[in-house]
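# Reading the structure
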Amino acid sequence: QVQLVESGGGLVQPGGSLRLSCEASGIIFSINFMGWYRQAPGKERELVAAIFSRGITSYVDSVKGRFTVSRDNTKNTMYLQMNSLKPEDTAIYYCNIVDGVGHTYWGQGTQVTVSS
């Protein structure tokens, strides 16, 4: 069974930084997509940052220039570096993987709170 374990969330002041990590365990063949979603109270879950199978990265407009998604294949880990954090970044952040046959895997979610 595939499991995704996230870490790095917490409370930070506006303008601060956090780095989220997502470590995958189990056997995953032909990963086509790795990305980070977030969901704030009362809002729909949105895709924040993604890495596609051919190396293309994508970001939602609101985080461009502030967030960077990366991965280390040797450690089966994906990262989300978040800089210049704003209160509107407050949400639960979820790690997501889609494999080569369309199976979707989710992490448990980690809370990010940006507040003074």
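Refer to the structure presented above.
In this report, the structure presented in the accompanying data block is examined. (Residues numbered from 1 in each chain as written. Predicted model: local features only at pLDDT ≥ 70, side-chain atom pairs only at ≥ 80, totals over all residues. Heavy atoms only, no water.)

Glancing now at the nonpolar core. Leu 4, Trp 36, Phe 67, Leu 80, Met 82 and Tyr 93 are the most contacted members of the largest nonpolar core, which has 28 residues in total. Every element with two or more residues in this core is listed here: strand S3 (18–25), strand S4 (33–39), strand S5 (46–52), strand S7 (67–72), strand S8 (77–82), strand S9 (91–98) and strand S11 (110–114). Not counting residues up to four positions away in its chain, the partners in contact with Tyr 93 are Glu 6, Leu 20, Trp 36, Tyr 37, Arg 38, Val 48, Phe 67, Leu 80, Met 82, Gly 109, Thr 110 and Val 112. (Core = buried A, V, L, I, M, F, W, Y, C linked by side-chain atoms within 4.5 Å. Buried < 20%, exposed > 50% of the residue type's maximum accessible area, 1.4 Å probe, protein only. Helix = DSSP H or I, 4+ residues; strand = E, 2+ residues; numbered from the N terminus. Contact = heavy atoms within 4.5 Å.)

Let's shift gears to the packing of aromatic side chains. For the coordinates displayed, the defined rule picks out three aromatic pairs. Note on Tyr 94 and Trp 106: the rings are 6.4 Å apart at their centroids and 90° apart in plane angle, and the pair reads as edge-to-face. A residue pair is termed long-range when its members are at least 10 positions apart, and Tyr 94 in strand S9 and Trp 106 in strand S10 (residues 104–106) qualify at twelve residues. For Tyr 94, a relative accessible area of 13% puts it in the buried group. Taken together, the ring pairs connect Tyr 37, Tyr 94 and Trp 106 into an aromatic cluster. In this structure, Arg 45 is placed above the aromatic ring of Tyr 94, and the distance from its NZ or CZ to the ring centre is 3.9 Å. Lying over the aromatic face of Trp 106, Arg 45 brings its terminal NZ or CZ to 4.8 Å of the ring centre. (Phe/Tyr/Trp six-rings, centres within 6.5 Å; stacked < 30°, edge-to-face > 60°. Lys NZ or Arg CZ within 6 Å of the ring centre and 35° of its normal.)

A negative phi angle characterises most non-glycine residues, just as the trans form characterises most peptide bonds. Positive phi, normally seen in glycine, also occurs at Asn 76, with a value near 50°. Note that Asn 76 resides in the loop between S7 and S8. For Asn 76, a relative accessible area of 46% translates into the label partly exposed. The residue Ser 84 is not glycine, and still its phi comes out positive at about 50°. Position of Ser 84 among the secondary structure elements: in the loop between S8 and S9. On the basis of relative accessibility, which here comes to 41%, the residue Ser 84 falls in the partly exposed class.

With that settled, consider the pattern of salt bridges. If you walk through the whole model with that rule in mind, you get four salt bridges. A salt bridge links Glu 46 to Arg 38, with the nearest nitrogen and oxygen atoms 2.8 Å apart. The exposure class of Arg 38 is buried, given its relative accessible area of 6%. The salt bridge involving Asp 61 is made with Lys 64; its shortest N-O contact spans 3.0 Å. Connected through salt bridges with shared partners, the residues Arg 38, Glu 46, Arg 66 and Asp 89 form a single ionic network. (Salt bridge = Lys/Arg side-chain N within 4 Å of Asp/Glu carboxyl O.)

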